[in-house]
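Chain by chain, the residues:
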Amino acid sequence: MPSSNRPIITLEEHFLSRAAQAHPNPRNESFKAMPGLFEQFTELGPQRIADMDAGAVTMQVISHGPGDLSPALCRECNDQLADAVRAYPGRFAGFAELPMDEPEEAARELRRTCGGEMDGVKFVGALVDSHTESGLYYDGPEFDVLWKEATGLDVPIYIHPTWPSEQLFAAYKSPHLSEDVTTSILAFGFGWHSDVATHVLRLYAAGVFDRFPKLKVVIGHMGEMIPFMLQRIERVSARWQKKRSFREVWDTNFWLTTSGNWSLDPLACVLRNTRHDRIMYSVDYPFAKSPNGLKWLEELEASGMVTGEELENIRWKNAASLLNLDLNLAS
């Protein structure tokens, strides 16, 4: 168990459920080609704890990997994760998996998992793909039922990148590139980060944050490119006639995580235009490893870019405040 003197909370940490493995997504199956990765992805026990301990992580907030699941499979997935939280109290917490192509069912499952209906386990929010496999985004009024539920429960929704839809893949496919390279460009190489940013702008432009001014949204990977483009977004979005400016929404409705981006360069940008109490450390396990994250935290501390208090906030206090997590530091 890491020292409680300097805790660390990470909250973009993934697993693949038994329910999802029984209905495999071909792109998730590709992880089997990476030695050891799929085993880490599907495990919720000692192997995960060992990586956490090696990176001095006190608590992991665990969420499901990409891909659509039916309402019934989401319940199975969330029940499996709840069992892991019970088995490792104080080390694991959970973000719910939601059936986002059925918004009313998504709201119902959010209420079940975060409202105390799981035999003593309450998840601390939900992590959802940036779009469904069919390419559905969440700016339509049919999703108001979910935003209303999240606001009522006072839990955040983490919008996470996912594999490109068939429409996106067809639009960007090149005869000069292999499908693997195209997928890499459209996914973790670049595209799924810009996809989340575009989704955020769609939510803003559709008035979601005017209708739900207390909605809490988390995005990863140093803000999914938004901090770099923030001034331009502010200027352009001022023409969209929303009640609240994008800057106000950015400052009051959004939190971001570092998640697997082991460079100080993007953080320098974030620190200049984003509230420091909205920045949270994360690893992106199992696709990134906790010891590498710890090295990054040590580099950040040595850089002088943040004060000692700000560093502790990034390491754990901001996440604990947002998610109402009690690390029981006196024990």
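What you see is a predicted model, and the numbers here were worked out from it, not measured in a lab. (Residues numbered from 1 in each chain as written. Predicted model: local features only at pLDDT ≥ 70, side-chain atom pairs only at ≥ 80, totals over all residues. Heavy atoms only, no water.)

K.L.:
Can you tell me about the sheet that holds strand S6 (residues 217-219), naming the residues and giving the values?
P.N.:
Reading across the sheet, the five strands line up as S4-S5-S6-S7-S8 and stay open at both edges, with parallel pairing between neighbours. The open sheet has two edge strands with one neighbour each: strand S4 (126-129) and strand S8 (279-280). The sheet contact formed by strand S7 (residues 254-257) and S8 spans two bridges and is parallel. Across the sheet, Thr-257 pairs through a bridge with Met-280, a residue of S8. Contacts between helix H10 (residues 191-205) and the sheet are confined to strand S5 (157-160), S6 and S7, with S5 contributing the most and set at about 135 degrees to the helix. (Pairing = 2+ DSSP bridges. Helix = DSSP H or I, 4+ residues; strand = E, 2+ residues; numbered from the N terminus. Contact = heavy atoms within 4.5 Å. Axes fitted to C-alpha atoms, helices over the stretch in contact; angles between N-to-C directions.)

K.L.:
Explain a negative patch on the surface to me, and be specific about the residues and the numbers.
P.N.:
On the surface, Asp-68, Asp-101, Glu-102 and Glu-133 cluster together into a patch of negative charge. Structurally, Asp-68 is set in the loop between strand S2 (59-64) and helix H5 (71-87). Residue Asp-68 is classed as partly exposed on the basis of its relative accessible area, which comes to 30%. (Patch = residues over 30% accessible without salt bridge, like charges linked within 9 Å, V, L, I, M, F, W, Y side chains within 5 Å. Areas by Shrake-Rupley, 256 points an atom, 1.4 Å probe, with all protein chains shown as cover. Salt bridge = Lys/Arg side-chain N within 4 Å of Asp/Glu carboxyl O. Lys, Arg positive; Asp, Glu negative; His and termini not counted. Charge placed at Lys NZ, Arg CZ, Asp CG, Glu CD. Buried < 20%, exposed > 50% of the residue type's maximum accessible area, 1.4 Å probe, protein only.)

K.L.:
Mind laying out the packing of helix H4 (residues 46-54) against helix H15 (residues 290-303), listing which residues take part and the relevant values?
P.N.:
It is the contact of H4 with H15, at a shortest axis distance of 7 Å, that shows an interaxial angle of 20 degrees. Considered as vectors, H4 and H15 are oriented roughly parallel to each other. The handedness of the crossing between H4 and H15 comes out as right-handed. Of the residues in H15, those in contact with Asp-51, Met-52 and Ala-54 of H4 are Ser-290, Pro-291 and Leu-294. (Parallel < 35°, antiparallel > 145°, perpendicular 65-115°, else oblique. Left-handed = near helix turned anticlockwise from the far one by under 90°.)

K.L.:
Provide a residue-level description of the sheet that holds strand S1 (residues 9-15), including the pertinent values.
P.N.:
Hydrogen bonding along the main chain pairs the strands of a sheet, whether they run parallel or antiparallel. Taken in spatial order, the three strands line up as S1-S2-S3 in an open sheet, and their pairing is parallel. Both edges of this open sheet fall to S1 and strand S3 (92-94), since each of them pairs with a single strand only. When the angles between neighbouring strand axes are averaged without regard to direction, this sheet yields 35 degrees. Relative to S3, S2 runs parallel, the two being bridged by three bridges. Considered in S3, the bridge of Gln-60 is made with Phe-92. Across the sheet, H4 is in contact with S1, S2 and S3; its angle to S2 comes to roughly 135 degrees. In the packing of H5 onto the sheet, contacts are made with S1, S2 and S3, and the angle to S3 comes to roughly 155 degrees.

K.L.:
Break down the nonpolar core for me, with residues and values.
P.N.:
Counting residues in hydrophobic clusters, the biggest one holds 76 residues, and the most contacted among them are Leu-98, Leu-110, Phe-123, Trp-147, Ile-219 and Ile-226. With seven residues, the top contributor of residues to this core is H5. When near neighbours in sequence (up to four residues on either side) are disregarded, Phe-123 contacts Asn-78, Leu-81, Ala-82, Val-85, Gly-94, Phe-95, Ala-96, Thr-113, Cys-114 and Met-118. Grouped together as the second largest cluster of nonpolar side chains are 19 residues, Leu-11, Ala-93, Val-124 and Met-280 included. (Core = buried A, V, L, I, M, F, W, Y, C linked by side-chain atoms within 4.5 Å.)

K.L.:
Tell me about the side chain of Asn-318, and please be specific about residues and values.
P.N.:
Within the secondary structure, Asn-318 sits in helix H16 (residues 308-323). A distance of 2.8 Å separates a polar side-chain atom of Asn-318 from the backbone oxygen of Ile-279. Not counting the four nearest positions on each side in its chain, Asn-318 is found in contact with His-276, Asp-277, Arg-278, Ile-279, Met-280 and Asn-313. (Polar contact = N/O pair within 3.5 Å; in protein donor to acceptor, adjacent residues only side chain to side chain.)

K.L.:
Now, about the environment of Asp-83: what can you tell me, with residues and values included?
P.N.:
In this fold, Asp-83 is placed in helix H5. Residue Asp-83 is classed as partly exposed on the basis of its relative accessible area, which comes to 44%. A distance of 2.7 Å separates polar atoms of two side chains, one belonging to Asp-83 and the other to Arg-86.

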